[in-house]
Each structure stands twice: as structure tokens, then as C-alpha cells.
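Fold and geometry: a report
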Protein chains: 2
Amino acid sequence: MTAPPLRLGVDLGGTNARAALVDQAGALVASCKLQHDERTPLAVARTVAAAVRQVAGQAGVAVAGLGGAGVGVAGQCLGATGMVLNAPNLGWRDVPLGDLLRAELGLPVRVVNDLSAAAWGERAFGAARGVDDAVLVFVGSGVGAGLILGGRLHEGGSGVAGELGHVKVTPRGAPPRRCGCGEWGCLEAYAGGMNLAARVREDLAEGRAGAVLAAAGGDPGRVSASAVEAAYLGGDGYARELWAETGELLGTAMANLCTVLNPTRLVLGGGVLLGCPNLMRISRAHLGDRTLRAARRGLSVEAAGLGDDAGVVGAALLGAEAAVAHDR
Amino acid sequence: MTAPPLRLGVDLGGTNARAALVDQAGALVASCKLQHDERTPLAVARTVAAAVRQVAGQAGVAVAGLGGAGVGVAGQCLGATGMVLNAPNLGWRDVPLGDLLRAELGLPVRVVNDLSAAAWGERAFGAARGVDDAVLVFVGSGVGAGLILGGRLHEGGSGVAGELGHVKVTPRGAPPRRCGCGEWGCLEAYAGGMNLAARVREDLAEGRAGAVLAAAGGDPGRVSASAVEAAYLGGDGYARELWAETGELLGTAMANLCTVLNPTRLVLGGGVLLGCPNLMRISRAHLGDRTLRAARRGLSVEAAGLGDDAGVVGAALLGAEAAVAHDR
């Protein structure tokens, strides 16, 4: 009797590479996370290969027998060619990651944006299981989306679809804030965890946000969305204003996405949204108010079901599909 | 020798029903437009059938030999069932148009949103020919979009995708305007031709917009986007302000759509955009500034190529596909 095939998924972040073997029910039978020593493309590819060898060893299978690998990367990827156009957390531009990993692993490799991978994982085994038109919105240190449209992953004409963090949303009556991408007024400049923390620190310098600082233990370096949430729970006026604005921007952007794409499932994930129930509540209220009525009918909203595993599970599935295509 | 097959398309508006026979090169070999006597669903279905008989007669073919019909409707349609959920110009809600037309014509019928049909037509024979990821944005009396994603028409989970006119875009420092859909702050409330004219008339009542009135021959009932454009060309300050705001809202909404969907072609159509070169120029400047750089690379912007024929051509193609599916 042959064991059911295991699929190899990799989640590649700025600090770690995580490899996992996923069974046909979406369960992780082996998982290994290794920190990058350095972030040159070749060094990172070798770290990925080391993590892959470890999970293969754990599961008692040969790497060569895995058929293919899927790799989710926090960045803009050209799926068809395996190029990473821009991965700010790794400091990469135009890196041929697919080729590097193929050489290291001896396997066909599919490179995909991490949120596209996560959306694909949620659709297979999580909060969008079996849904043909599903949108994943992720609000963590950054903001982005993964799009399942008509039962297929939509990666766009050049592979950068889903960049919800960079829609322009300048709130009324204020000059736009600068985003990490270099542009102005991006949603991520307001709602991404990194930018939220930076904004609170700016406001601290102007003598505001004291309750958030207290919630962060008095250390400006530990200010975070969670600290804003804690201050909000304590009734702090600054935190209330910040969540009112942030929730309106997030909820409106999600509403506009649903109005245009008419998904039947919206999956919400990421540490900022899932870790801040009041921001979630305010965002969802605006989402409900501002989605076109006809698109709201038939839309259900769910919290992401697979947590940090969504990306590696989705990548594994996409990698296996690429391997099948490669064999034909 | 058999003549190449002709495809039957219908464009159903609030005032007229237009039927056309389209050949394999996308050319109209027969076309007939009939005005609705009344707008009850049955009366409209009979008007459509009369127009269809006329074009069949013009081309010397039998209606029964046409194989199938595609019908584009300005409204929210459930393509799979042929239901029209909401067609404000016809005053319809939940009308089983597909069933009514099948009974009148004796043919399989595919019902589709008019801008989805137009996008499909532009993709086959117009400004998005052969492009797999193309977005059509239409600014006429209303505002909407048609989405071709991964080579397929994206109609959404309940058939109402593409409602760009109802994304919420309240400009800075002003209360939201009410849209014809009953919601507040919709793009169409600012940029749709009907609402633009209504807004100018409101401003006339407050003693502004005199130059636009003059351009409309002094008749408030003839105020239109074209009259604003004419006043703009004459250097009128009111018209400049109105185009600055309208162009920013339109350009930002189009930019956000391109940032999220990453199409390789954006097709711009509709009388307001195509008839007002200065509004087009301002909108395109904001589109260029606000689309995420990675999505802008590889995006080309074109004016619609098929004019008023796009909808009837696209509907004809979609109807023929439905007929093939029906025969299987």
C-alpha cells in the first residue's frame, strides 16, 4: 500500500523560512522553521532547502519524491516565471527565486504571493472551504488580500493582484500619510501594524497617546496595535479616535472590494484584525454599511480558520498543481 | 456552402430594445432598435422578440436557426438563472427575463449585465482584443465596470460584480451625496451624468454654475456633462472646480481597481468620459499617480473601440456560448 502523497509548502518571510509537509486533509505532518543567517537570495534558498530536508527527514520521505514545492513570499511575485519582483522584508528586487530553489531542491517550484497562498489554503481547508468567489483580507504588520474568483486564484496580469494595502484612502480633512512603498495615502499607511505603531510614536512626540504608551509598558519601542486596543478598552479618547478612523478606512476599503468583486465569502485574518476585537467590530460595521446592498446579500464574513498555517498549506497545494502540470 | 453562423445579441435599455446579428468578425450584419411602448416585463419581452424577428428578416434567416441569444441589461442580473434582480431604468425587480425571452423566442437565452457584455465585446473585437486581464470602466449616465479576469468574464458570486459606480468615495471636507441607489457617497453620485446634471442644477439654485447654464443654452433641463466641459474650455472657475473633484474621484477609483486587480488593459468608455476630454485628462492623471507602481507597470489604457455596439456584440458572443452549452 502506498501512503497518500504529501505536499511540500514553504512560507518565506523576512526573518524565517518555514517548510511543511501537508497531507490530503490539509494537516501538517511535519514542519520546520529556520531563521535566515543572511538575506542574500542564495543564502535564503539554501536555508529553505535545509528546512525542506528537515521536514522530509521527519516524515521519512526523500525530497526527490515530493514531486514539487510551492513557496509563498511576502512580496510581488511573477508566478509564471518564479521571479520575485519586490519583497521589502527580504530587501529583494527581481530575484529569480523559482530558479534558485529548483536548483537547490531538484523539484519543480511554484512561487506565489503569501496572501494568495493563504487564500488558497483557506479555500481548501479553512474559512472559505469550497467557496468559488472568496476574498481574504489580511491586516497584520502589512495589509493585503488574496483573491479567489470563479474558483481560481486571481494573480493579475503581472502577478501583483490583491494589493489592497496600496489602494489610496486618504481620510477627510487630513494630509495623506506616506507608506512604506514610497507612495502616499495607501491603506497600509494607516492600518498596517508597523505604520500604526510609527504613527502612535509620532503622536507621543506631540504629547498624545500616553495611554497607549502606558499599555505598552512605557516603552515606545513596544507600542503596537494591541496596545492601542488595550487603551481603547480602558476608555482612552486618543485610542477611540484612532480606531474610529482606522476602522472606517479598513471597513470602507473592504466594502469597496466587495462591491466591485461580489464575493460570497470574505475571510478576515492577520494579527492586527484578529488581535484587536474593537478594531474588527468598527471595521465590520463600516463594511456592512458601505457594501452595495446587492453585493451584501449573499456575502458571509468569517475569521480566518487556519491561522499561521494558511500560507504554507496553500503553497503546498499550488506547488502540487504546478508539479502535475510539469509532469504533463 | 453554409454561410458562417450569425449570433444574436440584444441590448436592453430603459427606452429601447436593440437586437443585432453579429458575424464571426464582430461586424453587425443586421440591427434594429425598437422603443418600449410600456415597460412591463412581458411587453418588453415582446418588443425584444419583434426586434429579433426584424433582424432575422433583414438577414434572411429563421429565428429558430439562430441557436441562442445573449441579452445585456442595464441592471443587476443573475446570469445563471436569467433573473434580473434590479434594473432601475426599467423599474424592474426580480424579473425572470431569461424565461420570458425563451418563451417568446424559442431559443436558449443568456442574460448578462450590459457592462459585462460590453467588456466581453471589447475583448473579442475592440480595445481589449485578446487580453486576458482587462477592465472596462464606463462613465455615462451611470458608472460601472466590466471585468475580464484570467480570460473569463467575472460576474461575481451573485452576478453583481463590477458595480464600480457604488464604491464609496466621499471627497474630503464635504458631506456625502445621495446616489440613485439610495446609498450615500457612491462614485456614481458624483461622476454619473445624471447626478452631475442634478448637482449643477442644485448649484444654479444657489447662484453658481452660470457659465454651465449658458453653455446649455440657458435651459436648466439641458444641463449636462458636456455643458460643464464647454464651460471648462471657456475658463469658468466653477467648471474647473467640478472637474478637479470629479476627475480626482474617478481617477482614484480607477487606480484602486487597477491596484487590486492588476489588469493589463483598462478600457475607458461612456459618453461622459469620451465626450469630456478635460475630465478624461484629469481622471487619467490621477489614475497614473495613484495606481500602485507595480500594477501600473504593464498597464495600458485605451478608449473603448466599439462604441455603442460593444454591448450587443458581447451579448451575442455570450449567448452563442450559452447555446453551445445548452446543446451538450
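Residues numbered from 1 in each chain as written. Chains lettered and ligands numbered in written order. Predicted model: local features only at pLDDT ≥ 70, side-chain atom pairs only at ≥ 80, totals over all residues. Heavy atoms only, no water.

**Here we look at the domain arrangement of chain A**
Residues and elements named next belong to chain A. Here the domain parsing of chain A yields domain 1 (7–121 + 308–327) and domain 2 (131–304). Relative to domain 2, the C-alpha centre of domain 1 lies at a distance of 27 Å. In this assembly, 13 residues from domain 1 lie in contact with 15 residues from domain 2. Between domain 1 and domain 2 the total buried area reaches about 1,100 Å² when both faces are included, carbon and sulfur atoms providing 65% of it. When the buried area of domain 1 at its contact with domain 2 is split by residue, L115, A119 and W120 rank highest and sum to 45% of it. Taken together, the links from domain 1 to domain 2 amount to one salt bridge. The salt bridge partner of E155 is R110, with a shortest N-O separation of 2.9 Å. Looking at the side of domain 1 that touches domain 2, the elements that each hand over two or more residues are β5 (76–78), β8 (109–113) and α3 (114–125). Examining the composition of the side of domain 1 that touches domain 2, we find that five residues originate from one element, α3, more than from any other. (Domains from an automatic or database assignment. Contact = heavy atoms within 4.5 Å. Buried area = accessible area lost by both parts, 1.4 Å probe. Salt bridge = Lys/Arg side-chain N within 4 Å of Asp/Glu carboxyl O. Helix = DSSP H or I, 4+ residues; strand = E, 2+ residues; numbered from the N terminus.)

**Things to note about the interface of chain B and chain A**
In this complex, chain B contributes 44 residues to the contact, which on the side of chain A involves 44 residues. Along the contact surface separating chain B from chain A lie zero salt bridges. Put simply, chain B and chain A have 20 residue pairs in polar contact (both at pLDDT 80 or more) between them. Elements represented by at least two residues in the side of chain B that touches chain A include exactly β10 (143–149), α8 (237–261) and α11 (293–296) of chain B. Per-element tally for the side of chain B that touches chain A: the top contributor is α8(B), with six residues. (Polar contact = N/O pair within 3.5 Å; in protein donor to acceptor, adjacent residues only side chain to side chain.)

**With respect to the sheet that holds strand β7 (residues 92–95) of chain B**
Residue and element names in this part refer to chain B. The strand order across the open sheet formed by three strands is β5-β6-β7, and the pairing between neighbours is antiparallel. For this open sheet the edge positions go to β5 (76–78) and β7, each flanked by a neighbour on one side alone. Across the sheet, the axes of successive neighbouring strands diverge by a mean angle of 10°, strand direction being ignored. With three bridges joining them, β5 and strand β6 (residues 83–87) adopt antiparallel strand pairing. Note on β6: the bridge partner recorded for C77 is V84. (Pairing = 2+ DSSP bridges. Axes fitted to C-alpha atoms, helices over the stretch in contact; angles between N-to-C directions.)

**Quick notes on unusual backbone geometry**
Residue and element names in this part refer to chain A. If you check the backbone angles, A209 has positive phi at about 65° while not being a glycine. Note that A209 resides in the loop between α5 (193–205) and α6 (210–215). By relative accessible area, which is 4% here, A209 ends up buried. (Buried < 20%, exposed > 50% of the residue type's maximum accessible area, 1.4 Å probe, protein only.)

**Things to note about the packing of aromatic side chains**
What the rule picks out here adds up to zero aromatic pairs over all chains. Between R240(A) and the ring centre of Y232(A), over which it is positioned, the NZ or CZ distance is 4.6 Å. (Phe/Tyr/Trp six-rings, centres within 6.5 Å; stacked < 30°, edge-to-face > 60°. Lys NZ or Arg CZ within 6 Å of the ring centre and 35° of its normal.)

**With respect to the packing of helix α7 (residues 225–233) of chain B against helix α10 (residues 277–290) of chain B**
All names here are of chain B. Close contact between α7 and α10 brings their axes to 8 Å; oriented N to C, the two are set at 85°. As far as their axial angle goes, α10 and α7 are roughly perpendicular. When α7 is examined against α10, the residues E229, Y232 and L233 are found in contact with a partner set consisting of P277, N278, L279, R281 and I282. Here the residues of the contact of α7 with α10 are counted per class, giving five nonpolar, one polar and two charged. (Parallel < 35°, antiparallel > 145°, perpendicular 65-115°, else oblique. Nonpolar A, V, L, I, M, F, W, Y, C, P; charged D, E, K, R; others polar.)

**Considering empty space enclosed by the protein**
Residue and element names in this part refer to chain A. A full pass over the atoms with the stated rule returns one cavity of 30 Å³ or more. Considering only enclosed or pocket space, the largest cavity measures out at about 40 Å³ in volume. Lining the largest cavity we find A119, E122, A128, A134, V135, L136, G146, I148 and V267. Broken down by secondary-structure element, the contributors of at least two residues to the lining of the largest cavity are α3, β9 (134–139) and β10 (143–149). In terms of residue count, the dominant contributor to the lining of the largest cavity is β9 (three residues). In terms of residue class, the lining of the largest cavity is made up of seven nonpolar, one polar and one charged. (1 Å grid on protein atoms, 1.4 Å probe; cavity = no way out; pocket = protein on both sides within 12 Å on 5 of 7 lines; lining within 4 Å. Points joined across faces, edges and corners; volume = space filled by probe spheres on them.)

**A short note on the sheet that holds strand β11 (residues 152–153) of chain B**
Read across the open sheet, the five strands follow the order β11-β10-β9-β12-β13 (chain B); overall the sheet is mixed. Of all the strands in the sheet, just β11 and β13 (300–303) of chain B have a single pairing partner and so form its edges.

**As for α3(A)**
All names here are of chain A. Here α3 contains 12 residues, and its C-alpha end-to-end distance of 16 Å stays within 8% of the 16 Å for a straight helix at 1.5 Å per residue. Most of α3 is tucked away, with 10 of its 12 residues classed as buried. Three or more residues of α3 are buried, namely L115, S116, A117, A118, A119, W120, G121, E122, R123 and F125. With a side-chain oxygen lying 2.8 Å from the backbone nitrogen of L115, the N-terminal cap of α3 falls on N113. (Expected span 1.5 Å × (residues − 1).)

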